[in-house]
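# A closer look at the structure
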Amino acid sequence: MNSRYDTAGEQGAFEPGSGDRVLRNQLGVTSPDEMDEIELDLLAQLYQAVLVEDLPDRTLRVADLMTGTAAGWATCMAGPARNAR
């Protein structure tokens, strides 16, 4: 897979019907353009949730992105976190 991500094993499985262009996902999206649009929209929702609505009164940590409202966007797409390098 030539992209910004390097995955292996089951984590590198492609969505059936995507021509090996889109990683397997919970929504069944097969078009790279559609996936780009969905990811951009979900990223905007993440920013809104973390940086506007629930910004903690301390340094932001990775754990803040893995729990609560912010974690919903990633789980919607792929389920549990993947190990992408």
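These figures come from a predicted structure and were not determined experimentally.

## Some points on the overall build of the protein chain
When helices and strands are tallied, the protein chain shows three helices and zero strands. Beginning at the N terminus, the succession of helices and strands in the protein chain can be written as α-α-α. Contacts in the protein chain between residues at least 24 apart in sequence constitute 38% of all its contacts with a sequence separation of at least 6. Of the roughly 6100 Å² of accessible surface on the protein chain, 53% is carried by carbon and sulfur atoms.

## What to know about the side chain of Glu15
You can see Glu15 is positioned in the segment before helix 1 (32-53). Arg24 is the oppositely charged side chain nearest to the buried, salt-bridge-free Glu15, at an N-O distance of 4.7 Å. When residues no more than four places from it in sequence are discounted, the contact partners of Glu15 are Val22, Leu23, Arg24, Asn25, Gly28, Val29 and Thr30.

## Side note on the confidence of the model for the protein chain
Residues with a pLDDT of 70 or more make up 69% of the protein chain, whose mean pLDDT is 78. Mean pLDDT per element in the protein chain: helix 3 (residues 71-78) is the minimum at 58, and helix 1 is the maximum at 86.

## What about a negative patch on the surface?
Residues Asp33, Glu34, Asp36 and Glu37 make up a contiguous surface patch of negative charge. Within the secondary structure, Asp36 is located in helix 1. For Asp36, a relative accessible area of 41% gives the class partly exposed.

## Examining unusual backbone geometry
Unlike most non-glycine residues, Asp20 shows phi in positive territory, near 60°. Take Asp20: its relative accessible area is 54%, and that puts it in the exposed class.

## Describing the environment of Leu27
On the secondary structure map, Leu27 appears in the segment before helix 1. Given the relative accessible area of 43%, Leu27 is considered partly exposed.

## Some words on helix 1
What sets the pattern is the α-helix's 3.6 residues per turn: residues three or four places apart point alike. Here helix 1 spans 30 Å end to end across 22 residues, near enough to the 32 Å set by a 1.5 Å rise per residue. Among the residues making up helix 1, those that are buried are Met35, Ile38, Leu42, Leu46, Ala49 and Val50. Buried residues along helix 1 cover an arc of 90° about the axis, so they all sit on one side. What points out from helix 1, more than 90 degrees from its buried face, is the exposed set Asp33, Glu37, Leu40 and Val52.

## Some points on a nonpolar patch on the surface
A surface patch of nonpolar side chains, amounting to about 770 Å² of accessible area, comprises Tyr47, Leu51, Val52, Leu55, Leu60, Val62, Leu65 and Met66. Every element with two or more residues in the nonpolar patch is listed here: helix 1 and helix 2 (62-66). By the secondary structure assignment, Val62 is in helix 2. Given the relative accessible area of 61%, Val62 is considered exposed.

Quick notes on the rules
- Residues numbered from 1 in each chain as written.
- Predicted model: local features only at pLDDT ≥ 70, side-chain atom pairs only at ≥ 80, totals over all residues.
- Heavy atoms only, no water.
- Helix = DSSP H or I, 4+ residues; strand = E, 2+ residues; numbered from the N terminus.
- Contact = heavy atoms within 4.5 Å.
- Areas by Shrake-Rupley, 256 points an atom, 1.4 Å probe, with all protein chains shown as cover.
- Buried < 20%, exposed > 50% of the residue type's maximum accessible area, 1.4 Å probe, protein only.
- Lys, Arg positive; Asp, Glu negative; His and termini not counted.
- Salt bridge = Lys/Arg side-chain N within 4 Å of Asp/Glu carboxyl O.
- pLDDT = per-residue confidence, 0-100.
- Patch = residues over 30% accessible without salt bridge, like charges linked within 9 Å, V, L, I, M, F, W, Y side chains within 5 Å.
- Charge placed at Lys NZ, Arg CZ, Asp CG, Glu CD.
- Expected span 1.5 Å × (residues − 1).
- Arc of directions from axis to C-beta.

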